[in-house]
Amino acid sequence: MISVCLVDDQNLVRQGVRSLLDLAEDIRVVAECADGVQAVQDIPRIKPDVVLLDLRMPNMSGLEVLQALSARNELPPTIILTTFDDDQLVLQGLKAGARGYLLKDVSLEQLVEAVRTVSSGGSLVAPMVTQRLLAGVGRIHNQFTSLEQPDPLTERETEILRLLSGGYSNKEIANSLKVAEGTVKNHVSNILSKLGVRDRTRAVLKALELGIV
């Protein structure tokens, strides 16, 4: 059973998302938070498998929640809930450690698949990279700590990076390439090192900026 925490100041949004997740047999909403302050207090205690997080909230924003929990190494896999006009906030949320984003009018299938994907170690980077977000990557010039001119990737590393950008987990990549999961982990570590980034999401965004994927 995948445990989920909903963080949104709008009660109707929380009710809507909960009603969708209730239809999935393997997902259970274990907590709801109406603001960022409550989220920062409750999430480390509850330790949900996945957090669905609104960015625009009073008192403490979703971005501040991401930053606070990341700083304490207490951030579970997190999906941003957003609207069409939040491009810059979404990019900053990814920078702060989110695994991807969903629009608030998401379908049941998309929501359930997203929760399952991030709970198993994947990310939602590729499905959510729209032209507007790519333009946003250019505007902020990928303000992550990374190497300006990374070491060239091998053909296999590039192949794995492209699969990472599709949101696939290490296990799924290993099955696809018919190699051991440990081999994929080693390749991912090399990719992060060569790109000068610390996680998969930043690696994909860096690769997008450099035109690798």
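Rules behind the numbers
- Residues numbered from 1 in each chain as written.
- Predicted model: local features only at pLDDT ≥ 70, side-chain atom pairs only at ≥ 80, totals over all residues.
- Heavy atoms only, no water.
- Helix = DSSP H or I, 4+ residues; strand = E, 2+ residues; numbered from the N terminus.
- Buried < 20%, exposed > 50% of the residue type's maximum accessible area, 1.4 Å probe, protein only.
- Core = buried A, V, L, I, M, F, W, Y, C linked by side-chain atoms within 4.5 Å.
- Contact = heavy atoms within 4.5 Å.
- Salt bridge = Lys/Arg side-chain N within 4 Å of Asp/Glu carboxyl O.
- UniProt positions renumbered as here; feature names shortened; annotations may be inferred.
- Pairing = 2+ DSSP bridges.
- Right-handed = clockwise from strand over helix to strand, strands pointing away.
- Axes fitted to C-alpha atoms, helices over the stretch in contact; angles between N-to-C directions.
- Parallel < 35°, antiparallel > 145°, perpendicular 65-115°, else oblique.
- Nonpolar A, V, L, I, M, F, W, Y, C, P; charged D, E, K, R; others polar.

**Q** Just give me the short version of the environment of Ile46, but keep the residues and values in it.
**A** You can see Ile46 is positioned in helix 2 (residues 36-46). Accessibility expressed as a relative area gives 27% for Ile46, which makes it partly exposed. Ile46 sits 43 residues away from Ser3 along the chain, and the two C-alpha atoms are 9.4 Å apart.

**Q** Can you lay out the nonpolar core for me, pointing to particular residues and giving the numbers?
**A** Counting residues in each nonpolar core, the largest one holds 24 residues, and the members touching the most others are Cys5, Val7, Ile43, Leu53 and Val65. Contributions of two or more residues to this core are made by strand 1 (2-7), strand 2 (27-33), helix 2, strand 3 (50-54), helix 3 (62-71) and helix 4 (87-95). When residues of this core are assigned to their parent elements, the largest contribution, 5 residues, is made by helix 3. With residues near it in sequence (within four places) discarded, Val7 still touches Cys33, Asp35, Ala39, Ile43, Val51, Leu52, Leu53, Asp54 and Met57. Residues Ile2, Val4, Val29 and Leu111 belong to the second largest nonpolar core, which totals 21 residues.

**Q** So what's going on with the pattern of salt bridges? Residues and values would help.
**A** Note on pairing: side chains with opposite charge can pair once their charged atoms come close. Enumeration over the complete set of coordinates arrives at 7 salt bridges. For the salt bridge of Arg45 with Asp42, the shortest nitrogen-to-oxygen distance reads 3.3 Å. Highlighted residues: Arg45 and Asp42, both in helix 2, separated by 3 residues, approximately one helical turn. Under the relative-accessibility criterion, Asp42 is labelled buried at 14%. Between Arg72 and Glu74 there is a salt bridge, and its shortest N-O distance comes to 2.9 Å. By relative accessible area, Glu74 is classed as partly exposed at 32%.

**Q** Describe the UniProt feature "modified residue: 4-aspartylphosphate" (unreviewed entry) in the protein, naming the residues involved and giving the relevant values.
**A** In the numbering used here, UniProt assigns the "modified residue: 4-aspartylphosphate" (unreviewed entry) feature to Asp54. Residue placement: Asp54 occurs in strand 3. According to the relative accessible area criterion, Asp54 is buried, its value standing at 3%. Look past the residues within four positions of Asp54 in its chain and what remains in contact with it is Val7, Asp8, Asp9, Gly62, Leu81 and Lys104.

**Q** Explain the pairing of strand 4 (residues 78-82) to me, and be specific about the residues and the numbers.
**A** Most of strand 4 is tucked away, with 5 of its 5 residues classed as buried. Burial of strand 4 is two-sided: the residues Thr78, Ile80 and Thr82 facing one way and the residues Ile79 and Leu81 facing the other way are all buried. In this structure, strand 3 lies alongside strand 4, joined through 4 bridges in parallel fashion. Bridged to Asp54 within strand 4 is Leu81. Tracing the backbone out of strand 3, into helix 3 and back to the parallel element strand 4 gives a crossover that is right-handed.

**Q** Talk me through the packing of helix 8 (residues 155-165) against helix 10 (residues 181-195); I want residue IDs and the actual numbers.
**A** One way to put it is that helix 8 packs onto helix 10 with a least axis distance of 10 Å and a crossing angle of 95 degrees. On the basis of their axis angle, the class for helix 8 and helix 10 is roughly perpendicular. Residues Arg156, Glu157, Ile160, Leu161 and Leu164 of helix 8 form the contact with helix 10, whose own contacting residues are His187, Val188, Asn190, Ile191, Lys194 and Leu195. Among the residues making up the contact of helix 8 with helix 10, the classes are represented as 6 nonpolar, 2 polar and 3 charged.

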